[in-house]
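# Chains, contacts and geometry: an overview
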Amino acid sequence: VQLQASGGGLVQAGGSLRLSCAASGSIFSINVMSWYRQPPGKQRELVAGITSGGATNYADSVKGRFTISRDNVKTTYLQMNSLKPEDTAVYYCNAKYYSNKLTSWGQGTLVTVSS
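Residues numbered from 1 in each chain as written. Predicted model: local features only at pLDDT ≥ 70, side-chain atom pairs only at ≥ 80, totals over all residues. Heavy atoms only, no water.

So, on to the overall build of the chain. For the chain, the helix and strand inventory stands at zero helices and 11 strands. Its helices and strands taken in sequence order, the chain reads β-β-β-β-β-β-β-β-β-β-β from the N to the C terminus. Expected size for 115 residues packed as a compact globule is a radius of gyration near 13 Å; at 13 Å, the chain falls within 12% of this value. Judged by the C-alpha coordinates and their principal axes, the chain covers about 40 × 25 × 20 Å. When each of the 115 residues of the chain is scored for burial, the buried share is 43%. Here the contacts in the chain between residues at least 6 apart in sequence split such that 53% fall between residues at least 24 apart. Of the charged side chains in the chain, 11 are positive and 5 negative; the average position of the first set lies 7 Å away from that of the second. (Helix = DSSP H or I, 4+ residues; strand = E, 2+ residues; numbered from the N terminus. Rg over C-alpha atoms; globule rule 2.2 N^0.38 Å. Buried < 20%, exposed > 50% of the residue type's maximum accessible area, 1.4 Å probe, protein only. Contact = heavy atoms within 4.5 Å. Lys, Arg positive; Asp, Glu negative; His and termini not counted. Charge placed at Lys NZ, Arg CZ, Asp CG, Glu CD.)

Attention now goes to the nonpolar core. Among the nonpolar cores identified, the biggest contains 29 residues, and Trp35, Leu78, Met80 and Tyr91 are the most heavily contacted of them. Counting residues per element, the ones that place at least two in this core are strand S1 (2-6), strand S3 (17-24), strand S4 (30-38), strand S5 (45-51), strand S7 (66-70), strand S8 (75-80), strand S9 (89-97) and strand S11 (109-114). Element by element, the count of residues in this core is highest for S9, at five residues. (Core = buried A, V, L, I, M, F, W, Y, C linked by side-chain atoms within 4.5 Å.)

Two strands pair when backbone bridges link them, and S4 and S5 are joined in this way by six bridges, in the antiparallel orientation. By the bridge assignment, methionine 33 is partnered in S5 with isoleucine 50. In this antiparallel pair of consecutive strands, S4 and S5, the connection spans six residues, and glycine 41 shows a positive phi of 75 degrees. Two elements, S5 and strand S6 (residues 56-58), share three bridges in a ladder whose sense is antiparallel. For isoleucine 50, the partnering residue across the bridge sits in S6 and is threonine 56. Between S5 and S6, which pair antiparallel in sequence order, lie four residues; one of them, glycine 54, sits at a positive phi of approximately 100 degrees. (Pairing = 2+ DSSP bridges.)

Printed below as a string of structure tokens:
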């Protein structure tokens, strides 16, 4: 599975962005699609995930503000509302596939939230 993330950019606090992750390759083997982020100088952390059955989970820090969704097998979105400066990070999409035995990462897209 290959992943291509897009949609990052600069936004003011309180604004919104939508990230997209396009998957190719063995897309029907994907079990879970997730978004992670890595703030400057910090470790990568899970933001949100969605299973092939549609179940979702979110980090506490983004609950009520971010929404993960998939409109088809190929594309996963992260709708980010009410953005805060602490949401500034490089955002990566991640796929777990073949019964979660394999993992692929997208290239990352930078989100900068100004105060």
